[in-house]
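Report on the structure
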Amino acid sequence: MTEPRSNPPLPLRPRIDEPTGTPTVGHEWDGIEELDTPMPRWWLWTFYACCVFALGYAILYPAIPLLNSATPGLLGWSSHQDLAEATAREGVRQAPGRLAIARMPIERLPQDAVLMRAAVEGGRSAFKVHCVQCHGSGAAGSKGYANLNDDDWLWGGDIAAIHTTLVNGIRQPGNDETRISQMPAFGRDAILTPKEIDDVVSHVRRIAGTQKLDAASVRGATLYAANCAVCHGDGGKGRRELGAPNLTDSITLYGGDRDSLTHTIVNARNGVMPAWGERLDKVTVTMLAAYVHSLGGGEVLATPEGVILPVAAPEVTAGAAILRK
Amino acid sequence: MTTVEQLTQPPALFEARHDIFPKAVDGSFRRLKWAIMAATLAIYYVTPWLRWDRGPHAPDQAVLVDFAHSRFFMFAVEIWPHEFYYVAGMLIMAGIGLFLVTSAVGRAWCGYACPQTVWTDLFVHVERAIDGDRNAQIKLARAPWGPAKLARRVLKHGIWLVIAAATGGAWIFYFADAPTLAGQLLDGNAPSIAYATIGILTATTYVLGGLMREQVCIYMCPWPRIQSAMLDEQSLMVTYKGWRGEPRSHGLKRDVPALVALAADPSLASRFDARAGDCIDCNACVAVCPTGIDIREGPQIGCITCGLCIDACDKVMAQIGRPPKLIGYTSVADERIAASGGVPLSPLKRLWRPRTLAYFLAWASIGVAMLFALGTRTRLDLSVSPDRNPTWVRLSDGHVRNTYVVNIRNMENRPRTVEVALSGLPGAVLWTEAGHRADAGTSVRVEIPADSAARTRIFVAAPSAGPERADVIFRLRGLDKSGGTDTDDSAFIRPGGGE
């Protein structure tokens, strides 16, 4: 055929394909024709079975979208309920471990590597919910919010001290055991003159090693001894029982530059933290303490000589054993 | 059916399976199939029961796919998930191996070693043992239902189901300790997934091997299509030598007894065709074919090249005194040479050609490379990733601390103590989350349980003076006799700018 063809007329007459003996469906393109090979019977059965399955599925499970929801399905299955059940199952699975942590005295927790690890992981999750708003997702803090990764602790860095701080919070009214200290607002309350405050700033920066000895810092030393040393100590090393920070180290909560220090001395800072013992369950607070302690700056609990730590109850050991599995 | 009838009838919606009653046959290919069937079935059923002592910290099953602990054991070799490329390499080798086999000897895999073929063959033998050979089977199929037929059918399908259940049952032993699981199965307290797997595999074995048989090869399996594309003129395949066989004739042949008969009775001359081929149209090749095809129609998708028609035809050729291999393994090229009266290449010479050589070299070099990798692989592994939130921490004495999440793999079946040290950072000290900076040193020791990975955080403190980013190398060293080392690069970050 030499003349150019436009669309061939359809349909062509079906014919029998010579080599296979199968009829063609009756159309061709560029000499290519399609055989009308009958499907094997099992294939049809499979197809019908799939149809039946789809129908059954659409009846049993939520399937057809309606305006506000979908058809509920005869089985009443829902993804929300599925999640709730999975969460409940996970709660049951974690129960022995949580029980063991609840019964373990906080001082002994770091000695049980398995429980400690479970507590740290639980604390990591709880931290992401309750703590990151101020302390940041990496617990690195920011100005006014403590970096929990470092080794500088205002109120103590062993696991029991961290736990106490967490349970009772900082400067929480109505909580007798809350961490509290109150630095006077030396400038606002006119205890020191601006010139004097400037001198104290020079002294504080000198003992922190960020400034050289000069006349102002010498004058500031005298003022420091009279006004500050009672809490921060003569050498500026701070006193934890008073919540007075160490002024000589490299870490400052509100900044170590002149402006920040001046602002701190003029107005005082007095930051706060909620008493988490009033808001969260006991185990979660313990887990948070373990997590914060694990971040790298946690201190070893100093146990006075001769004091015997309480022995873990048998249930605790059993719980830990379950957790170990 | 005439073409007119076919065209006036509406096309059939479906085509029911044509029953196939393969006739029993004996011969060299049948015996080869027996041997391969025995070997493959034995490997399949026996392997999970082989024991291999790996000490107290690892399972003692020679071949075990341990999904629960993500380990794959195969005799002396243990594969961890990160070493899955060995499995990938073996799959690639299997693929190229199929290319090699197909280009050399055609669909040999289909004809002899494919599980579908092996189990179908087994089922066919069971059927033959109960119902008799081809003719008896046809007779039984046509017979009306009665107690005798029912009994035979129940027996046949019962045995098929037992074989199918044993097949599914053997499969699960590869994934758990076989004796333990067998005990649990007998007691009825095996995991439900075990019963489900047995159930599914029983069903597939029974349906695919017993009921669908050649339908799987012809309609379902992609291999025939792929292999058709890989065959070339040099590939050996089961071929009916038309130049020898055609034209077909019933009865008298050109052999000596026929000539004697013709001399004795000239009236037979009308039945004697001087040009008659060797094929006497006895249909033996069709009767034995497990897929029900006629090999004389040429190469086709239904031919799994099992060679049973060769056995059947050879027997007939011997009976009528003609040379064997009217149907035989030959290539298109050799067939052409033979048809024009030449001498074909020997099959061995056909095998060696650039294409098969290239496949073989690719196949073998992957194998050699994997063996080399396996022989030189280390059984200690260190992986360090720096903690990026926060990247650095200022310590109260002015030093800077970085934190690293360290994964150490101990891939030996015994607990090991390893040492992690750091180089590239002057004045640095290390401690783990179990330790404390007060007792930090230039290296830390970590205990790793047998055949497991330990994840620990390592804290590194260094003086604040130094580059903002210092490249460091963590070095792992096994502390026992067998030693072993590994390293991983990382970086130590210090606060930059005007801190």
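Residues numbered from 1 in each chain as written. Chains lettered and ligands numbered in written order. Predicted model: local features only at pLDDT ≥ 70, side-chain atom pairs only at ≥ 80, totals over all residues.

All right, on to the overall build of chain A then. Secondary structure summary: chain A contains 11 helices and three strands in total. Counting from the amino terminus, chain A carries its helices and strands in the arrangement β-β-β-α-α-α-α-α-α-α-α-α-α-α. Residue burial in chain A is summarised as follows: out of 325 residues, 30% are buried. (Helix = DSSP H or I, 4+ residues; strand = E, 2+ residues; numbered from the N terminus. Buried ≥ 20, exposed ≤ 12 C-beta atoms within 10 Å, placed from the backbone.)

A separate point is the overall build of chain B. Counting its secondary structure elements, chain B contains 18 helices and 15 strands. Its C-alpha radius of gyration of 34 Å places chain B more than 25% over the 23 Å reference for a compact globule of 499 residues. Counting only C-alpha atoms, chain B reaches 120 × 60 × 55 Å along its principal axes. Relative to its full complement of 499 residues, chain B shows a buried share of 29%. Sequence separation of 24 or more characterises 71% of the internal contacts of chain B that already satisfy a separation of 6 or more. (Rg over C-alpha atoms; globule rule 2.2 N^0.38 Å. Contact = placed C-beta atoms within 7 Å.)

So, about the sheet that holds strand β4 (residues 77-79) of chain B. Paired through backbone hydrogen bonds, the strands of a sheet run either parallel or antiparallel to each other. Residue and element names in this part refer to chain B. If you trace the three strands from one edge of the open sheet to the other, you get β2-β3-β4, paired in antiparallel fashion. Taken across any chain shown, the strands that pair with only one partner, and hence form the sheet edges, are β2 (63-66) and β4. Along the sheet, successive strands turn relative to each other by an average axial angle of 10 degrees, direction set aside. With four bridges connecting them, β2 and strand β3 (residues 71-74) associate as antiparallel partners. By the bridge assignment, Leu64 is partnered in β3 with Phe73. (Pairing = 2+ DSSP bridges. Axes fitted to C-alpha atoms, helices over the stretch in contact; angles between N-to-C directions.)

Turning next to the interface of chain B and chain A. Contacts between the two partners involve 26 residues from chain B and, on the opposite side, 26 residues from chain A. Looking at the side of chain B that touches chain A, the elements with two or more residues in it are α1 (3-8), β1 (14-15), α10 (214-220), β8 (393-394) and β9 (400-410) of chain B. Of all the elements, α1 of chain B adds the most residues to the side of chain B that touches chain A, at three residues. Summarising the sheet, strand β3 (residues 39-40) of chain A and β1 of chain B pair through two bridges and their orientation is parallel. The partner of Met39 of chain A across the bridge, within β1 of chain B, is Phe14 of chain B.

Next up on the list: the packing of helix α3 (residues 113-130) of chain A against helix α10 (residues 282-293) of chain A. Helix packing geometry: the angle between the two helix axes and the distance between the axes. Residues and elements named next belong to chain A. Taken N-terminus to C-terminus, the directions of α3 and α10 make an angle of 100 degrees; their axes are 7 Å apart at the nearest point. When the axes of α3 and α10 are compared, the pair comes out roughly perpendicular. Each of Met116, Ala119, Val120, Gly122, Gly123, Arg124, Ala126 and Phe127 in α3 lies in contact with α10, whose residues at this interface are Thr284, Thr286, Met287, Leu288, Ala290 and Tyr291. A per-class count over the contact of α3 with α10 returns nine nonpolar, four polar and one charged. (Parallel < 35°, antiparallel > 145°, perpendicular 65-115°, else oblique. Nonpolar A, V, L, I, M, F, W, Y, C, P; charged D, E, K, R; others polar.)

Residue and element names in this part refer to chain B. Core analysis: the largest hydrophobic core is formed by 37 residues, its most contacted members being Cys285, Val288, Cys309, Cys313 and Ile327. The element that contributes the greatest number of residues to this core is helix α15 (residues 308-319), accounting for six residues. Structurally, this core is a two-domain feature, drawing no fewer than three residues from each of domain 1 (18-228) and domain 2 (237-344). Discounting residues that sit within four places of it in the chain, Ile327 has contacts with Val238, Thr239, Tyr240, Cys285, Ile295, Cys309, Ile310 and Cys313. (Core = buried A, V, L, I, M, F, W, Y, C linked by C-beta atoms within 7 Å. Domains from an automatic or database assignment.)

Here we come to unusual backbone geometry. The omega torsion of the bond from Asn389 of chain B to Pro390 of chain B falls at 0 degrees, within 30 degrees of zero and hence cis. When you line up the elements, Pro390 of chain B lands in the loop between β7 (380-386) and β8. Unlike most non-glycine residues, Arg171 of chain A shows phi in positive territory, near 55 degrees. Backbone geometry at Ala190 of chain A places phi at a positive 55 degrees, although glycine is not the residue there. Looking at where Ala190 of chain A falls in the secondary structure, it is placed in the loop between α5 (159-168) and α6 (194-207). Of the residues examined, Ala190 of chain A has 9 C-beta atoms within 10 Å and is grouped as exposed.

Along its 20 residues, helix α1 (residues 41-60) of chain A runs 29 Å from first to last C-alpha, staying within 8% of the 28 Å computed at 1.5 Å per residue. Burial analysis of α1 of chain A places just zero of its 20 residues in the buried class, a small minority of the element. (Expected span 1.5 Å × (residues − 1).)

Residue and element names in this part refer to chain B. End to end, helix α7 (residues 147-172) covers 37 Å across 26 residues, agreeing with the expected 38 Å (1.5 Å per residue, within 8%). For α7, the set of buried residues is Trp160, Ile163, Ala164, Thr167, Gly168 and Ile172. Residues of α7 that are buried in the fold lie against α5 (115-131), α8 (178-187) and α9 (192-212).

This part covers the packing of α6 of chain A against helix α9 (residues 258-267) of chain A. All names here are of chain A. Contact geometry of α6 with α9 gives a least axis separation of 10 Å together with a crossing angle of 120 degrees. Classified by the angle between their axes, α6 and α9 sit oblique to one another. Considering the relative orientation of α6 and α9, their crossing is right-handed. Touching Ile197, Val200, Val201, Val204 and Arg205 of α6 are Arg258, Leu261, Thr262, Ile265 and Val266, all from α9. (Left-handed = near helix turned anticlockwise from the far one by under 90°.)

Residue and element names in this part refer to chain A. We note that the domain assignment places domain 1 (1-31), domain 2 (39-79), domain 3 (91-179 + 272-300 + 317-324) and domain 4 (194-267) within chain A. On a C-alpha basis, the centroid separation for the pair domain 3 and domain 4 is 31 Å. Broken down by class, the residue content of the side of domain 3 that touches domain 4 amounts to three nonpolar, two polar and four charged.

Residue and element names in this part refer to chain B. Taken domain by domain, chain B consists of domain 1 (18-228), domain 2 (237-344) and domain 3 (380-493). Counting residues at the interface gives six residues for domain 1, matched by six residues for domain 3. Grouping the constituent residues of the side of domain 1 that touches domain 3 by class yields two nonpolar, two polar and two charged.

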